[in-house]
Amino acid sequence: MRNTLLIILAGLMTFPFLAQQTPAPDQTRSILILGGTAHLGTGDAIDEAAIGFRNGKIDFVGRTFQADRSLYDDVVDASGQHIYPGFIVANTTLGLQEIGAVRATQDQYEVGTFRPNVRAIIAFNTDSEITPTVRTNGVLMGQITPRNGVISGASGVVHFDGWNWEDAAIKMVDGIHLNWPSTHHKHTVDGKVDVRKRKTYEQAKHEIERYFSEARGYASSLTTKKSSNSVMDVKHEAMRGLFDGSLALYVHATDVRAITEAVHFKREMGIDRLVIVGGYDAHLVADMLRENKVSVLLTSIHRLPRFPGDDINLPYRLPKLLADEGVLFGLQVDARMTEMNTRNLPFYAGTARKYGLTEEQAVMSLTRNVSQILGIDDTCGTLERGKDATLFISSGDALDVRTNDLTHAFIGGRAIDLDNRQRELYRKFQTKYGAEVKD
């Protein structure tokens, strides 16, 4: 036994583990970024910009000639580069799943059908090796969301730098996620696709209505009762915020009927904040969404059309269609392998820009718009005085996969390490084959 333990220990000592990146220390020296183009996330951009921050907060936004260098400890020259607010990924399981084929690394599912009391944020793994790969492309914050069930649970918002989930938390709970039942399904006969109505749809919808009615009754009873002896229902307690406007209801729905019925459901239940997650057909009912103040976290646009009759480039044009209709929307990544694909989020915005969005509209779809939808726009999402200094500098266009190259990134004013496992392997094998190693 003793010899066996020695062999195991020796093996562990020689195994080439990748050391986890240490979270950055709090900002102690004030920083002024000079030069370059600042994309503020508000729809505006500043050439030859100056962005100053201290103690984790932005305290100056203007042009280079307006800035007083003597007020700052360090100056970063960003001439010829681009400055952006940290991009925000919504509806992600990043930090909840590491390796899809290994069950022990999956923590995005829970048992049960209605489970609003499940909080995804407490399972967020700050030591994920995937997270540094998405920070490298400017994605610095995310909405961590559970999966499956009718009510999957509650999502929370984090920044991607921290010792644990409590350090990383920006907002513990921002909303409850409801998977609206599919109204139709595709049925293939002799190679032809036939769309048929689901027989179980009305029953599934009735169960959702009953559950929410009970939760609303529970919330109302607590408001009217003055006694503190009421028995707490943990699941209904988790939903109280839906009826007082403190939480958003995220309804995962794709087709026109599901989206329409979700909006009617919002009105019937007295829910103040509704967000459609997915919303492939949202542009078809844009008037209804706008009038009812319903926002959309748009489905991954790097995809094929849903139906053969759709334009081949329709997914790419969806952001432009919603922008033209005045619907508040943000981009997200809900494709397969969501965790790894999160690194491509900026390039979704680049595609949307190619198909109609302006430069600043594309940036807003990853920054201010998403922060407003998640309810964190008081501290995040734009480069404005008083906001958190969560931003990055790219030597190229951050929305272009060919030129995006981060030189600096800050989360709450903390300078974060932009290295990752993939870059380490790149350097390793470049050396092995005698090729020139690029920074």
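Now for a quick tour of the structure. (Residues numbered from 1 in each chain as written. Predicted model: local features only at pLDDT ≥ 70, side-chain atom pairs only at ≥ 80, totals over all residues. Heavy atoms only, no water.)

## Section: the side chain of Thr 382
- Turning to its location among the elements, Thr 382 is positioned in the loop between helix H13 (368-374) and strand S18 (391-394).
- There is a polar contact of 2.6 Å between the side chain of Thr 382 and the side chain of Glu 384.
- In contact with Thr 382, other than residues within four places in its own chain, are Leu 40, Gly 41, Thr 42, Ile 58, Pro 85, Arg 368 and Lys 387. (Helix = DSSP H or I, 4+ residues; strand = E, 2+ residues; numbered from the N terminus. Polar contact = N/O pair within 3.5 Å; in protein donor to acceptor, adjacent residues only side chain to side chain. Contact = heavy atoms within 4.5 Å.)

## Quick look at the sheet that holds strand S14 (residues 248-253)
- The strand order across the open sheet formed by 8 strands is S8-S9-S10-S11-S14-S15-S16-S17, and the pairing between neighbours is mixed. Every interior strand has two partners, whereas the edge strands, strand S8 (87-92) and strand S17 (329-331), have only one. Mean inter-strand twist for the sheet, computed between neighbouring axes without regard to direction, equals 25 degrees.
- Summarising the sheet, strand S16 (residues 295-298) and S17 pair through 3 bridges and their orientation is parallel. Bridge pairing in S17 links Leu 298 to Leu 331.
- Packed onto the sheet, helix H7 (residues 256-269) meets strand S11 (169-179), S14 and strand S15 (274-278) and runs at close to 160 degrees relative to S15. (Pairing = 2+ DSSP bridges. Axes fitted to C-alpha atoms, helices over the stretch in contact; angles between N-to-C directions.)

## Describing the sheet that holds strand S4 (residues 49-54)
- Pairing is mixed across the open sheet formed by 4 strands, whose spatial order is S5-S4-S1-S6. Of all strands in the sheet, those bounded by a partner on one side alone are strand S5 (57-63) and strand S6 (74-77). The average angle at which neighbouring strand axes cross in this sheet is 15 degrees, direction not considered.
- Here strand S1 (residues 31-34) pairs with S4 via 4 bridges, running antiparallel. The residue bridging Ile 33 from the neighbouring strand is Ile 51, located in S4.

## Overview of the pattern of salt bridges
- Tallying each qualifying case throughout the model produces 21 salt bridges.
- Across the pair Arg 290 and Asp 287 runs a salt bridge whose closest N-O atoms are separated by 2.8 Å. Of the two residues, Arg 290 and Asp 287 are both situated in helix H8 (residues 286-291); the distance of 3 residues between them amounts to about one turn of the helix.
- Looking at Arg 290, the relative accessible area reads 35%, which means it is partly exposed.
- Taking the relative accessible area as the measure of exposure, Asp 287 reaches 42% and is therefore partly exposed. (Salt bridge = Lys/Arg side-chain N within 4 Å of Asp/Glu carboxyl O. Buried < 20%, exposed > 50% of the residue type's maximum accessible area, 1.4 Å probe, protein only.)

## Details of the pairing of S8
- Across the 6 residues of S8, 6 count as buried, placing the element largely inside the fold.
- Where S8 lies against strand S9 (residues 139-144), 4 bridges are found, and the strand directions are parallel. Among the inter-strand pairings, Ile 88 is bridged to a residue of S9, identified as Met 141.

Geometric values such as these leave the question of function open.
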